[in-house]
Amino acid sequence: MTEYDAIVVGSGMSGGWSAKELAEQGLKVLVLERGGPIEPSKDYADFVTPWERPNLDQIPEDEVKNDYPIQYRAVRYAMRDSTKHFWVKDSEHPYVTPKDKPYDWIRGYHTGGRSLLWGRQSYRLGPQDFEANIKDGHGTDWPIRYDDLKPWYEYVEKFAGIAGSNEGLEQLPDSIFQPPFEMTCVEKEFKKNLEESFPTRKVIHARVAHLTKPTEEQMSLGRGPCQVRNHCNRGCSFGAYFSSNSATLPAALKTGNCTIVNNAIVHSLEYDEVKKRVSGVKVIDAQSKEVKTYTARFVFLNASSIATAMILLQSKSASFPNGLANSSDQVGRNLMDHVSAAAASGEFEGFDDQYYYGRRPGGVYIPRYANITEQDKPYLRGFGYQGGGKRIGWTGNRPGIGEDFKQANRKPGNWQVGLYAFGEVLPNPENRVTLDKTKKDKWGLPLANINCVMGENEKIMMREAQKDAYEMLKAAGAVNINRGPDTELTLSLPGNRIHEMGTARMGRDPKTSVLNEWCQAHDVPNLFITDGACMPSGGCQNPSLTYMALSARAAHHAVKLFKKGEI
């Protein structure tokens, strides 16, 4: 007799969805979260004003250097003294990389994980993304196609709340939208001019997981409309942006079927050699270091791509000496992220009598056109641009002193439009995470050894994206463009885009993949993985919406198997 029907490891983006779907269908669910609990009234800082904090809420330099060198390098825009507890201390959670292959592993260990910290840009994958691997030969074929996931995108979008606009683009299918945030006047001008100059390219509203017209269901969970304050990285007391904390976990707890245990670091999954099933989850209490095993009929791993791979690799048995569900030797391989480097901004003259309301969570988006509506590219796959138009110079960020400085800041500066590319990274089995053979953390677990680099296709893609960004801004009427077409680029470090994917990929063949079309392990029928680890490829779109849809789809399938007694 097991203690629970299901155990979900991780409470972040995908773990919250797994817990919600399983609990709402009547299963007794245990969520194991390695970090501590979050109490919005104490932990959120969205009502903290910097002038009320020591050092204007900045983290002392010595503390950054000693405790947060990697986290701060990647997300300094979001890290303040009042929010640093949302991010791990690098000093307490080390990992290993080759000296010439740095990797940014950005993490938040607490209830809700990185769902509390994400950028909230929400785009579906398109039909081309599910067919890319089989067409160009990089990676293994997805075992599903867009139409298999379409109803689940609709399902999660309706619950989460996505602000955006219907555009009818095949490569970036529309969602179930709430009203978009209005474009600024220069964004409208940029859109008009760019689409006239480049008929194969589109400028659309950014699609963001913020409530603009909350439903009864969303309000019943205590969520309200976005206040357009841009304090999202401090937590949102209004529950206006989607997170596990604001949406899925409250829904799961509301059923009375869900239990969350914090400070539970998963050591390994225990495997029953006779039943050929996972029989339990062995955890270490992060504070007391007490070891305990929880049991359930089946397990969802949602620890995030790298941590999920580490748990599998740590779970060795006679049947799986190289790690659980790893007969294919694909666990830990094909680690992906997105790639950035190409970026440019330019000023737009005029519009001096216009402004806009609030601080929107998103501006505009240019969907992928490369190898979709334009076929003359010297690289595979493609990229999209995130961007926006605003008036600059309103925040004191100008040279000056005294009365002249004060006067200068009483009026906004020029209008500016910026573009920033996010490109797809090809799956590569040599980009991988393994367990370090000698170094361990303070709980006695092997450190992650991450060996990952960007490839030649990513380099060529970003060079071309830089040229395109410059040409589009110029054609749309921008002046004083800050980066030219031949700007020397430094690619974003792997991990720096915080979209790690692919360490336990789905596939059709158990010999070359870890999971089947339901995110169910080929080797272990009562094990499901629906975080980024399951992705056979990453597209160029922000991936969280796809994790949500895959999690909901897999959870419903697992419940069917559970009720049939098959798991």
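Reference entry: report on the structure contained in this document. (Residues numbered from 1 in each chain as written. Predicted model: local features only at pLDDT ≥ 70, side-chain atom pairs only at ≥ 80, totals over all residues. Heavy atoms only, no water.)

All right, on to the packing of aromatic side chains then. Counted under the stated rule, the structure contains 23 aromatic pairs. On the basis of an interplanar angle of 65 degrees and a centroid distance of 5.5 Å, the ring pair of Trp152 and Tyr155 is categorised as edge-to-face. Of this pair, Trp152 and Tyr155 both sit in helix H6 (residues 146-160), separated by three residues, roughly a single helical turn. Judged by relative accessible area, which is 19%, Trp152 ranks as buried. Judged by centre distance (6.1 Å) and plane angle (35 degrees), the rings of Tyr379 and Phe383 are tilted. Across the pair, Phe383 and Tyr379 agree in class, each one buried. Through successive ring pairs, a cluster of aromatic residues spans Trp17, Trp118, Trp152, Tyr155, Phe159 and Phe242. The ring of Tyr109 carries Arg34 above its face, with NZ or CZ at 4.2 Å from the centroid. Over the face of the ring belonging to Tyr369 we find Arg201, whose NZ or CZ atom lies 4.1 Å from the ring centre. (Phe/Tyr/Trp six-rings, centres within 6.5 Å; stacked < 30°, edge-to-face > 60°. Helix = DSSP H or I, 4+ residues; strand = E, 2+ residues; numbered from the N terminus. Buried < 20%, exposed > 50% of the residue type's maximum accessible area, 1.4 Å probe, protein only. Lys NZ or Arg CZ within 6 Å of the ring centre and 35° of its normal.)

Axes are the key here: two packed helices are described by the angle between their axes and the distance separating the axes. Packing of helix H1 (residues 13-24) against H6 leaves a shortest axis separation of 13 Å and a crossing angle of 95 degrees. If you check the angle between H1 and H6, you find them roughly perpendicular. In this structure, H1 uses Trp17, Lys20, Glu21 and Glu24 to contact H6, whose residues at the interface are Tyr155, Val156 and Phe159. Along the lines of polarity and charge, the residues of the contact of H1 with H6 split into four nonpolar, no polar and three charged. (Axes fitted to C-alpha atoms, helices over the stretch in contact; angles between N-to-C directions. Parallel < 35°, antiparallel > 145°, perpendicular 65-115°, else oblique. Contact = heavy atoms within 4.5 Å. Nonpolar A, V, L, I, M, F, W, Y, C, P; charged D, E, K, R; others polar.)

Secondary-structure assignment places Met462 in helix H12 (residues 456-475). Classification of Met462 as buried rests on a relative accessible area of 0%. In the structure, Met462 is positioned 275 residues away from Glu187 in sequence and 23 Å away in space, judged by C-alpha atoms. Those residues in contact with Met462 that lie beyond four places of it in its chain are Val339, Ser340, Ala341, Ala342, Phe383, Ala421, Gly423, Leu489 and Leu491.

The first and last C-alpha atoms of H1 sit 17 Å apart over twelve residues, in line with the 16 Å expected at 1.5 Å per residue. Of all twelve residues making up H1, eleven are buried, and the element is well covered by its neighbours. Regarding H1, the residues found buried are Met13, Ser14, Gly15, Gly16, Trp17, Ser18, Ala19, Lys20, Glu21, Leu22 and Ala23. Immediately beyond the C-terminal end of H1, within one or two residues, lies Gly26, with a positive phi of roughly 95 degrees. (Expected span 1.5 Å × (residues − 1).)

Now for the pairing of strand S7 (residues 264-272). Of the pairings in the sheet, the one linking S7 to strand S8 (residues 277-285) comprises eight bridges and is antiparallel in character. Bridge pairing links Ile265 to Ile284 in S8. Between S7 and S8, which pair antiparallel one after the other, the connecting turn spans four residues, and Lys276 there sits at a positive phi close to 55 degrees. (Pairing = 2+ DSSP bridges.)

Here we take up H12. Under the 1.5 Å per step criterion, the end-to-end length of H12 is 29 Å for 20 residues, consistent within 8% with the ideal 28 Å. For H12, the complete set of buried residues consists of Asn457, Glu458, Met461, Met462, Glu464, Ala465, Gln466, Asp468, Ala469, Met472 and Leu473. Buried positions along H12 lie against helix H7 (185-197), strand S10 (338-339), strand S11 (343-348), strand S12 (364-366), strand S13 (383-391) and strand S14 (415-424).

Interhelical geometry of H6 versus helix H13 (residues 544-563) gives an angle of 105 degrees and a closest axis separation of 8 Å. If you check the angle between H6 and H13, you find them roughly perpendicular. Of H13, the residues touching H6 (which contributes Asp148, Leu149, Trp152, Tyr153, Tyr155, Val156, Glu157 and Ala160) are Leu545, Thr546, Met548, Ala549, Leu550, Ala552, Arg553 and His556. Classifying every residue of the contact of H6 with H13 by side-chain character gives eleven nonpolar, two polar and three charged.

So, about the nonpolar core. Within the largest apolar cluster, 128 residues are counted, with the highest numbers of intra-cluster contacts made by Leu22, Phe242, Leu269, Phe298, Leu324, Ile450 and Leu527. Among the elements that make up this core, the one with the highest residue count is H13 (twelve residues). In this structure, Phe242 is in contact with Met13, Trp17, Ser115, Trp118, Phe159, Ala160, Ala209, Arg223, Ala247, Thr248 and Met548, ignoring residues within four places of it in sequence. If you look at the next biggest cluster of nonpolar residues, it comprises 34 residues, including Val417, Ala469, Ala476 and Ile481. (Core = buried A, V, L, I, M, F, W, Y, C linked by side-chain atoms within 4.5 Å.)

The analysis is restricted to geometry; functional conclusions fall outside its scope.
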